[in-house]
Amino acid sequence: MAVRAVRGATQLEEDTREHMLERVAEMVLDVMASNGLEVDDFISVIFTATSDLVAEFPAYAARRLGFGEVPLICARELEIERSMPRVVRMMAHVETDLPRAEITHSYLHGAAALRSDLTRVRSVPDTDG
């Protein structure tokens, strides 16, 4: 069993507690489903949020999914000019039999545009209408 890092990101439409919990849970569950992971496979998760998101801690959404014994931390994303607003990112360290090249990173909603350079990305953009 190897230790691998898996990334995810999602963009929120608004800074509300309910929307934060919904979008972060969706991202975490998508990372899990895309890589065949269970909560016990997670070693730790780092969440970052842009400075325009203040309604809730992203890690709280993971706690509600059963991550109570997994070390989680939240941090502030760098404020870079022209960066995408209202984005939560995650980097999870997991135990998996998947080779590094087969890890699938999940970028959801507006964040789907962030990492089109990765070879194994599951991008789920917002739908129009």
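Before reading further, recall that the structure is shown in the block above.
As the structure is a computational prediction, the values presented were derived from the model and not from experiment.

1. Description of unusual backbone geometry
No. 1: We note that arginine 82 has phi near 70°; this positive angle belongs to a residue other than glycine.
No. 2: If you trace the backbone, arginine 82 turns up in the loop between β3 (72-76) and β4 (87-96).
No. 3: In this model, histidine 109 sits at a positive phi of 60°, which is unusual for a non-glycine residue.
No. 4: Residue placement: histidine 109 occurs in the loop between β5 (105-108) and β6 (121-124).

2. Observations concerning the pairing of β5
Consecutive side chains along a regular strand alternate between the two faces of the sheet.
No. 1: Side chains of β5 alternate between two faces, with His105 and Tyr107 and Ser106 and Leu108 buried alike.
No. 2: By the bridge criterion, three bridges tie strand β1 (residues 2-11) to β5 in an arrangement that is parallel. Bridging from a neighbouring strand, glycine 8 pairs with serine 106 of β5.

3. So, the side chain of threonine 50
No. 1: Tracing the backbone through its elements, the reader meets threonine 50 in the loop between β2 (42-49) and α2 (58-64).
No. 2: Here the side chain of threonine 50 touches aspartate 52 through a polar contact of 2.4 Å, side chain to side chain.
No. 3: Contacts of threonine 50, omitting those with residues within four sequence positions, involve Arg76, Glu77, Met84, Pro85, Arg86, Val87 and Arg89.

4. So, helix α1 (residues 17-35)
Note on helix geometry: an α-helix contains 3.6 residues per turn, so any two residues three or four positions apart are oriented the same way.
No. 1: Its 19 residues place the ends of α1 27 Å apart at the C-alpha level, agreeing with the 27 Å of an ideal helix rising 1.5 Å per residue.
No. 2: Buried residues of α1: His19, Met20, Leu21, Arg23, Val24, Ala25, Met27, Val28, Asp30, Val31, Met32 and Asn35, and no others.
No. 3: Glycine 36 sits one or two positions beyond α1 and adopts a positive phi of about 60°.

5. Section: the pattern of salt bridges
Pairing between side chains of opposite charge can happen when the charged atoms of each approach one another.
No. 1: Under the defined criterion, the tally for this structure stands at four salt bridges.
No. 2: Between glutamate 77 and arginine 89 there is a salt bridge whose closest N-O contact spans 3.7 Å. Residue glutamate 77 is located in the loop between β3 and β4, and its partner arginine 89 is located in strand β4; the two are separated by twelve residues in the primary sequence.
No. 3: A salt bridge links arginine 82 to glutamate 81, with the nearest nitrogen and oxygen atoms 3.5 Å apart.

Conventions and cut-offs
- Residues numbered from 1 in each chain as written.
- Predicted model: local features only at pLDDT ≥ 70, side-chain atom pairs only at ≥ 80, totals over all residues.
- Heavy atoms only, no water.
- Helix = DSSP H or I, 4+ residues; strand = E, 2+ residues; numbered from the N terminus.
- Buried < 20%, exposed > 50% of the residue type's maximum accessible area, 1.4 Å probe, protein only.
- Pairing = 2+ DSSP bridges.
- Polar contact = N/O pair within 3.5 Å; in protein donor to acceptor, adjacent residues only side chain to side chain.
- Contact = heavy atoms within 4.5 Å.
- Expected span 1.5 Å × (residues − 1).
- Salt bridge = Lys/Arg side-chain N within 4 Å of Asp/Glu carboxyl O.

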